[in-house]
There are 2 protein chains.
Amino acid sequence: MVEAKTEDTVSSLKIFFEPQSVAVVGASRTPGKLGNTILRNLIKLGYRGRIFPVNPAAQEIEGLQSHPSLAAIPEMVELVVIAIPAHLVLEVMRDCQRKKVKGVVIISSGFSEAGREGMERQRELVRLAAEAGIRMVGPNTTGILNPEGRFTTTFVDLKGVKAGGIGFVAQTGMFAGMMFQWIFSSQNFGLSKVIGLGNKAEVTDHDALDYLAQDEATRVVIMYLEGVRDGRRFLASADRLVRRKPLVVMKGGKTEEGAKAARSHTGSMAGRDEIFEALFKQAGAIRVNDFEELLDLGKTFAYQPLPRGNRIAIISLSGGAGVMATDACLESGLVLASPAGQTLAKLKEKMPAWSTTGNPFDVEPLSEVVTQEGAYRLSLDALLSDPAVDLALLIMSTIRTPQIHADYVVGVARAHPEKPVAVCIIGEASIYHRLFQIMEEANIPVFVGVRRAVASLAALYKYHRFLVNLDRKS
Amino acid sequence: MVEAKTEDTVSSLKIFFEPQSVAVVGASRTPGKLGNTILRNLIKLGYRGRIFPVNPAAQEIEGLQSHPSLAAIPEMVELVVIAIPAHLVLEVMRDCQRKKVKGVVIISSGFSEAGREGMERQRELVRLAAEAGIRMVGPNTTGILNPEGRFTTTFVDLKGVKAGGIGFVAQTGMFAGMMFQWIFSSQNFGLSKVIGLGNKAEVTDHDALDYLAQDEATRVVIMYLEGVRDGRRFLASADRLVRRKPLVVMKGGKTEEGAKAARSHTGSMAGRDEIFEALFKQAGAIRVNDFEELLDLGKTFAYQPLPRGNRIAIISLSGGAGVMATDACLESGLVLASPAGQTLAKLKEKMPAWSTTGNPFDVEPLSEVVTQEGAYRLSLDALLSDPAVDLALLIMSTIRTPQIHADYVVGVARAHPEKPVAVCIIGEASIYHRLFQIMEEANIPVFVGVRRAVASLAALYKYHRFLVNLDRKS
């Protein structure tokens, strides 16, 4: 393949996110079948372009006229989604050539992940695509999701899908699908663009990064990766992206056995982990170890500004939780802020005589005088107003915590838009969920675990420092 | 204090968990006040002993006759719960001496955590207790919870409390309270005994460990710790305990700053972390870094048997999740099992021709033939039946997963009671919660994150290995 310039990459990939027309080869009338769910998803999302189901045995599918073949479609088709058994895919690819389509998304599996025969089949697929200049996502993937643009090629139920600031590059289809369902049903954040790369036969990591780098809706990119096809290109694309927005990467196949498992399901070479560690470091990517952490950091970057430094104020109703947070902060590159004497004196004025102030700030004595609402509000406001504080973590309980707390916290955080705030809530699950909803709607990231909250705030600082160092170098 | 023998410790601590009678000094008629909630909790839990509210200004509280002082109670009192301002506590302690009570739980704060005056007050408290041979929990704590024995001294709402196999030793009161609420409302496991040690003025870590070591209801001990009063005694008690049941410890105050924060809220010296690391290692305790992990390991030990080795089978609907699980296993001391050829051949018989078998076992091809239910059931049963497999992780999605899955999995796990199984479910939250409920009721630990599930299984193996090494030494 001839190496394309970045601008060309970006404009040629647009077809996957905003096609004017899409054909679904393997469209089905049977609910539950992939080729049926893909069509339903397109219709439910409200896709505004033309949809052409392709199925030789049907007249009409989901209220749309069906066509026996691509050739039989009387209009231009920009993008083709292929969801048929692997051995039939090459023939359809030749139809795509003749139809002069711009892009294909191949959902089908049975290629480089499926032995020698599959590998051969994938090679032929790549040859056909290159021959006609067709851009190709997959095979063996769930493909594309663009909630704001109302387009998708996925077969996963999209109930609860939301548009937002997180771009997600997922290597594998089934995993992306499982993640979709978890995100849509349990998380508050929205997605800007999702690209499931699958076997990466043609469109690959660096293409995805190039596209998301220039995508206005994407504030942060989270990526699940097993192997990189071209390390040099990955580095170049990541380097361009991280100058504009953060990149958070989770790498599967760190161990030799994990790499072997990766090879067997996407046919991708995971390579030695030290090489990736160096690659990610050089590329300014933030590496995480679990998909829960991937989502934690994703939402925190999408919701919050970057801090100007690493001096954190911790406010906690529980001394023990304050201790744990302190440990986690110090272990992840943050330091305890030293608030000005007058900041603490202002708070001390309202506190019982026996009580002391400090960082972590124990909010219990203050709450005995001004209620828990008042104590969270006053202390967070005082500490965020202090120039010696760059960011804050608030650890709340649900012991005597009515819903109103959330409004107080939201109001104070909004009054200090330049300083990141995260919240931990440890307590009764139903109150947690209500507070979670209110605060995350207001772009405050909420966590149960102290360590996860701190890791997310620390990532904001790491990226800030990375940008500062970049500036210094240039 | 004279060093007591272990049997004496155990019998003298029994008073905190199964007292025949309890007085609550500071009992209150005002809902929401500590001294009111403690009484209500006792009544709601169904405490079967005598309860004596003590409040000079009340005739009756929560339907119970109130007494102006301890002295005014016309009967013997075994245990006294004290929830009044700190400066009044010493006087009540003298009443306890005169009343010849066996134990006191001091909820009040304002002692060693509250400056020089508080420290002096705590010293006097200890002197008075020792003088009369009164055992004392606290001050500055939520105290005791014994769900099965229907006794508590806590002021935290106990809605959802359940009896079970986990013993919990918590240093700090407020944190324990927050954890209670989280556990009762979001977790399925039950608690055997909880001891909130607070400032540890008298009853301390090694006492709690001695008690829980011999407590039949306690299958595993989880512990949040900031400092240890007597390292040698801790080691001796932990050593006795870990021969009978696992001990999982989370240590607050790992960093210098964290240790400083610990000092300021419980007055406890956290000490250098290397010392604790060595202490925990020598004591055979399993150390974790977050309270979520503390609960993960707690429930897994409470639910599951120990494996006989570290050879794990991974079954996953998603190749990507299988890769992540593999990495996590290899990084935490587990190895991939090599199932016998005939085990895999038996599964391969039912699978499509193009598909391959291995470990991780990709359940997708099999599920195309025998449904997802069938695929999970068949593969889990085949792999657990293989002598080359010691334990298993099942990674499920909620994509086309009806509730019935859980029954299949539960049935297979029950048929192999000697091999631990954990389940990850990544997908739609409401289906997750339903499956979680069914499987955890059947003692199968359920997780979202792959890494958390693997860490929990790995802990089972670590403890097994620890016991084997003990046997070899003796």
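Located above this text is the structure these notes cover.
Residues numbered from 1 in each chain as written. Chains lettered and ligands numbered in written order. Predicted model: local features only at pLDDT ≥ 70, side-chain atom pairs only at ≥ 80, totals over all residues. Heavy atoms only, no water.

A. Expanded view of the pairing of strand S5 (residues 79-82) of chain A. Residue and element names in this part refer to chain A. In S5, alternate side chains face the same way, and those of Leu79 and Val81 on one face and Val80 and Ile82 on the other are all buried. Relative to S5, strand S1 (residues 21-25) runs parallel, the two sharing four bridges. For Val22, the partnering residue across the bridge sits in S5 and is Leu79. As defined by bridge partners, S5 adjoins strand S6 (residues 103-106) across four bridges and the pair is classed as parallel. In the sheet register, Leu79 faces S6, and the bridge partner there is Gly103. (Buried < 20%, exposed > 50% of the residue type's maximum accessible area, 1.4 Å probe, protein only. Helix = DSSP H or I, 4+ residues; strand = E, 2+ residues; numbered from the N terminus. Pairing = 2+ DSSP bridges.)

B. Local environment of the sheet that holds strand S1 (residues 21-25) of chain B. All names here are of chain B. One open sheet holds the five strands; their spatial order is S2-S1-S5-S6-S7, and the pairing between them is parallel. Looking at which strands have only one partner, the edges of the open sheet turn out to be strand S2 (50-54) and strand S7 (135-137). Going from strand to strand, the sheet's axes swing by 20° on average, the running direction of each strand aside. Alignment of strand S6 (residues 103-106) against S7, held across three bridges, turns out to be parallel. (Axes fitted to C-alpha atoms, helices over the stretch in contact; angles between N-to-C directions.)

C. Molecular detail of the side chain of Lys200 of chain A. Residue and element names in this part refer to chain A. The topology assignment puts Lys200 in the loop between strand S11 (191-196) and helix H6 (205-214). Among the polar contacts made by the side chain of Lys200, one reaches the main-chain carbonyl oxygen of Gly227 at a distance of 2.5 Å. When near neighbours in sequence (up to four residues on either side) are disregarded, Lys200 contacts Gly138, Gln171, Asp205, Leu225, Gly227 and Arg229. (Polar contact = N/O pair within 3.5 Å; in protein donor to acceptor, adjacent residues only side chain to side chain. Contact = heavy atoms within 4.5 Å.)

D. Fine view of the environment of Leu235 of chain A. Residues and elements named next belong to chain A. Following the sequence through the fold, Leu235 ends up in helix H7 (residues 231-242). Considered as a pair, Leu235 and Ala283 are 48 residues apart in the sequence and their alpha carbons are 5.6 Å apart. If near-sequence neighbours (up to four positions away) are discounted, Leu235 is found in contact with Leu279, Gln282 and Ala283.

E. Here's a closer look at the packing of aromatic side chains. Evaluated as defined, the whole model comprises 22 aromatic pairs over all chains. The interplanar angle of 45° and the centroid separation of 5.9 Å between the aromatic rings of Phe276 of chain A and Phe280 of chain A together place this pair among those described as tilted. Of this pair, Phe276 of chain A and Phe280 of chain A are both found in helix H9 (residues 273-283), four residues apart, which corresponds to roughly one turn of the helix. No difference in accessibility class separates Phe276 of chain A from Phe280 of chain A, as the two residues are buried. Geometrically, the ring pair formed by Tyr432 of chain B and Phe436 of chain B is tilted, given 5.9 Å between the ring centres and 35° between the ring planes. Taken as a pair, Tyr432 of chain B and Phe436 of chain B lie in helix H15 (residues 429-441) at a separation of four residues, close to a single helical turn. When its relative accessible area of 7% is taken as the criterion, Tyr432 of chain B is described as buried. Judged by relative accessible area, which is 8%, Phe436 of chain B ranks as buried. An aromatic cluster of three or more residues is present, and its members are Phe175, Tyr224 and Phe291 of chain A. (Phe/Tyr/Trp six-rings, centres within 6.5 Å; stacked < 30°, edge-to-face > 60°.)

F. Examining the packing of helix H10 (residues 291-303) of chain A against helix H16 (residues 450-473) of chain A more closely. Residue and element names in this part refer to chain A. Where H10 meets H16, the axes come as close as 9 Å, and the angle between the chain directions of the two elements is 55°. Put simply, H10 runs oblique to H16. Our pair here, H10 against H16, has a crossing hand that is right-handed. Contact residues: Glu292, Glu293, Asp296, Leu297, Thr300 and Phe301 in H10; Arg452, Ala455, Ser456, Ala459, Leu460 and Tyr463 in H16. Its residues placed into classes, the contact of H10 with H16 shows six nonpolar, two polar and four charged. (Parallel < 35°, antiparallel > 145°, perpendicular 65-115°, else oblique. Left-handed = near helix turned anticlockwise from the far one by under 90°. Nonpolar A, V, L, I, M, F, W, Y, C, P; charged D, E, K, R; others polar.)

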